[in-house]
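Single-letter residue listing:
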Amino acid sequence: MSNRLENFIRDNKKGFDLYEPPADLWSKIEAGAEDLETPQIQPKKEKLVKLSTVLRVAATVIVVMAIGIFFWQSQNTEAVNLSNINPELAKQQMHYASLIEIKRSELKRIEKEEPQLYQEFSSEIKKMDESYEKLKNDLPTSPNQEETVKAMIRNLQAQIQVLNQQLTIIQQINNYKNTQSNATTTL
């Protein structure tokens, strides 16, 4: 390829020599280069100023949002604090919630022995727990918070009843298994 270029230059050398660049061409190039450098610097400075302004506005928005979220959460926390609504109901709620945890741990014991039964029992309690969580989430915006808390407590009481029934069924199954085992052993 370089041979072709060399041949082209050699063949057309006379044509290249016909034209001479103007004498002031280099001074025009230098003047043009200076004009090009100045505008390039200015937009960068303007972009930096615009960027810093945008960053300041963004930082201000973030700070304002953080403060708003903080106050909103503190108001919701106060509203959800059951002892602020009714201290007696708050004690009942705590009592029932702790009973449920105990009963759930008792129920958890059958998971390995009777996984299908455990799944059925757990799904029932899960539905009731979802209903409780919905009531709990609705509490801050409820027009009658005390009634909502009472509904939450009724839900917990129902969960305890269901758990007691489930534990009774498990006990009956275990008694039946023991009876069958004893009958097989005596034969």
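Now for a quick tour of the structure. (Residues numbered from 1 in each chain as written. Predicted model: local features only at pLDDT ≥ 70, side-chain atom pairs only at ≥ 80, totals over all residues. Heavy atoms only, no water.)

**Some remarks on the overall build of the protein chain**
Okay, so step 1: Broken down by element type, the protein chain carries seven helices and zero strands.
Okay, so step 2: Listing the helices and strands of the protein chain from first to last along the sequence gives α-α-α-α-α-α-α.
Okay, so step 3: When each of the 187 residues of the protein chain is scored for burial, the buried share is 18%.
Okay, so step 4: Pairs at least 24 residues apart make up 70% of the contacts formed inside the protein chain by residues separated by at least 6 positions.
Okay, so step 5: Only carbon and sulfur atoms are counted for the fraction: they give 58% of the accessible area of the protein chain, which is about 15,000 Å². (Helix = DSSP H or I, 4+ residues; strand = E, 2+ residues; numbered from the N terminus. Buried < 20%, exposed > 50% of the residue type's maximum accessible area, 1.4 Å probe, protein only. Contact = heavy atoms within 4.5 Å. Areas by Shrake-Rupley, 256 points an atom, 1.4 Å probe, with all protein chains shown as cover.)

**Quick word on the side chain of Thr-148**
Okay, so step 1: Along the chain, the position of Thr-148 falls in helix H7 (residues 145-186).
Okay, so step 2: With a relative accessible area of 11%, Thr-148 lands in the buried category.
Okay, so step 3: A distance of 2.6 Å separates a polar atom in the side chain of Thr-148 from a polar atom in the side chain of Ser-142.
Okay, so step 4: Look past the residues within four positions of Thr-148 in its chain and what remains in contact with it is Leu-135, Leu-139 and Ser-142. (Polar contact = N/O pair within 3.5 Å; in protein donor to acceptor, adjacent residues only side chain to side chain.)

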